[in-house]
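# Geometric and topological summary
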Amino acid sequence: MAYLVALVSLSFFLFNFYCDKTLGSASVLINLYWGVNVFLSELRLFDLPDTSPQVYFIILTGIVFFNIGCISARNLKIKKITKPKVYTVNTRLLKYAFILVFIYLLIFDLAVINLTLSGVDFWTIRYLYLNDIFTNSIFGFDLAYKLRLFLIDPILFAYVSAFFSSLVVTEHIDWRFFLRALLLTLMEYFAFGGRMLLLFWVSGALVSYSSLKKMSFMSNKKLMRWMKRLLVVFVISLPMVIIIRGGRGGHIFKSTYTYFVGSLPFLTQRLPYIGDKTYFVSSFQGVLRPIMGVLQIFNIEWELFEKANLFLLENHNTVVVMGYYGGKANTFNYFINCFGYFFKDGGYIGVAIFSIIWGVAAASLFKGMKRDGNHLYRTYFYIIVIYAVLISMMDFVMVESTFACSLFYYPFLVKRKREE
């Protein structure tokens, strides 16, 4: 079954690459991504547990219907808007956003520096001391944690999105903008060890490089060289992060392999406990979480959201042994992949519906960027689509509040451009 899924995925990869001519296309990337993922999982390196045929069928359903959505959107004729709205970045609010995020992260960076100077390593800080840092901050644990979850990290995601969107639309790198975004990213990583933001940079660089490469102005070879360097740097940074924060002992290949393919055997062990369907709520709970937080102040609860939240917590708290190395158990939790969340929401029908919608959105955005040039919002949403592919072994992109809430902040960082 695994080889059938890999064969189907890689066949769709070749077909979509022939149609789109770039790896920056989500329809190309997702098929290559999951074809390789499934193939590597079947190798069962480091005594990786078995993946059930049911899980492989869930993945196959998702891949097939994603491609049905892509093919449908590719052949759908969309009426061109004669006078589209034009947007530009809001430089004033970008400065305020930078100051807000910088001050918050500086407080926690200083706390981490104090711990490192006392001889505590980064791995220990992340896994044993992070709660203490939140508790001892000037905000207190609850407020500090919620600020990061619903305000600081979402604004940071929106800030990085605004940089890449502006890069694609203006065809110019604003170096001050770039350096500010990079500084905040490094500060966030140093304070909390977050790796998802690095993948978001890869997504933005990939979309930017693929988009700019197709434009006539690409006689500007200097900009393309910088985009290549940016993409390479952040791809290389991912295994380095594993070494520093997650790959204690230097087992980089083992850690990377387990992170990449571990969601398949993990979903296998979670399927018997998947529980009642939650329809769209589990997959989009990151967007709903701040809204439900406000409603809960007035003692208003939603049963489906509570079930979705419980499902997320159970995935986080379930620890599975993924083989052994060096005489120690290789443990794993949380990563149930995007199709696992689709399955929780609606079974096989849910996987089919969510995947086909995702495919339509991906192909439509890509088609629009090729046809009409680029647009801040279109570029932003396409970066989301690519990012959703890159973290699909973890969960669906809208499950995480730290990212999903950026949808609320990004519109404030751009503004309608006045007509001349």
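First, a word on scope: everything that follows refers to the structure included in this document. (Residues numbered from 1 in each chain as written. Predicted model: local features only at pLDDT ≥ 70, side-chain atom pairs only at ≥ 80, totals over all residues. Heavy atoms only, no water.)

## Quick word on helix α17 (residues 406-413)
Every buried residue of α17 is listed here: Ser 406, Tyr 410 and Leu 413. For α17, the angular spread of buried residues about the axis comes to 60°, placing them on one side. On the buried face of α17, the contacting elements are β1 (87-89), α4 (91-117), α6 (141-170), α15 (376-390), α16 (401-404) and β4 (414-416). (Buried < 20%, exposed > 50% of the residue type's maximum accessible area, 1.4 Å probe, protein only. Helix = DSSP H or I, 4+ residues; strand = E, 2+ residues; numbered from the N terminus. Arc of directions from axis to C-beta. Contact = heavy atoms within 4.5 Å.)

## Let's talk about unusual backbone geometry
The phi angle of most residues is negative, glycine excepted, and most peptide bonds adopt the trans form. Positive phi, close to 65°, is recorded for Lys 21, a residue that is not glycine. Overall, the relative accessible area of 60% leaves Lys 21 in the exposed class. Even without glycine at this site, Arg 44 takes up a positive phi of about 55°. Inspection of the secondary structure assignment puts Arg 44 in the loop between α2 (26-43) and α3 (53-74). The class of Arg 44 is partly exposed, set by a relative accessible area of 40%.

## Description of a nonpolar patch on the surface
Residues Ile 291, Val 294, Leu 295, Ile 297, Phe 298, Ile 300 and Phe 408 make up a contiguous nonpolar surface patch of about 650 Å² in total accessible area. Residue contributions to the nonpolar patch peak at four residues, all from helix α12 (residues 285-297). By secondary structure assignment, the location of Phe 408 is in helix α17. Using a relative accessible area of 34% as the deciding quantity, one classes Phe 408 as partly exposed. (Patch = residues over 30% accessible without salt bridge, like charges linked within 9 Å, V, L, I, M, F, W, Y side chains within 5 Å. Areas by Shrake-Rupley, 256 points an atom, 1.4 Å probe, with all protein chains shown as cover. Salt bridge = Lys/Arg side-chain N within 4 Å of Asp/Glu carboxyl O.)

## Side note on a positive patch on the surface
A surface patch of positive charge is lined by Arg 92, Lys 95, Arg 176, Arg 180 and Lys 415. When residues of the positive patch are traced back to their parent elements, those giving at least two are α4 and α7 (175-192). Within the element layout of this structure, Lys 415 appears in strand β4. (Lys, Arg positive; Asp, Glu negative; His and termini not counted. Charge placed at Lys NZ, Arg CZ, Asp CG, Glu CD.)

## Some thoughts on the environment of Val 5
With respect to the helices and strands, Val 5 occurs in helix α1 (residues 2-20). Along the backbone, Val 5 and Leu 60 are 55 residues apart, and their C-alpha atoms lie at a distance of 5.6 Å. Aside from chain neighbours lying at most four places away, what touches Val 5 is Val 38, Tyr 56, Ile 59 and Leu 60.

## Structural notes on the packing of aromatic side chains
All chains considered together, the criterion is met by 50 aromatic pairs. Between Phe 108 and Phe 134, the aromatic rings sit 5.4 Å apart at their centres with planes inclined by 55°, giving tilted as the arrangement. Of this pair, Phe 108 sits in helix α4 while Phe 134 sits in helix α5 (residues 122-136), and the two are 26 residues apart along the sequence. The same class applies to Phe 108 as to Phe 134, namely buried. An aromatic cluster is built from Tyr 33, Trp 34, Phe 66, Phe 260, Phe 284, Phe 339, Phe 342, Phe 354, Trp 358 and Phe 396, whose rings are joined through pairwise contacts. Stacked on the ring of Tyr 18, the Lys or Arg Lys 21 has its end atom at 4.7 Å from the ring centre. When the ring centre of Phe 192 is taken as origin, the NZ or CZ atom of Arg 148, which lies over that ring, is 4.1 Å away. (Phe/Tyr/Trp six-rings, centres within 6.5 Å; stacked < 30°, edge-to-face > 60°. Lys NZ or Arg CZ within 6 Å of the ring centre and 35° of its normal.)

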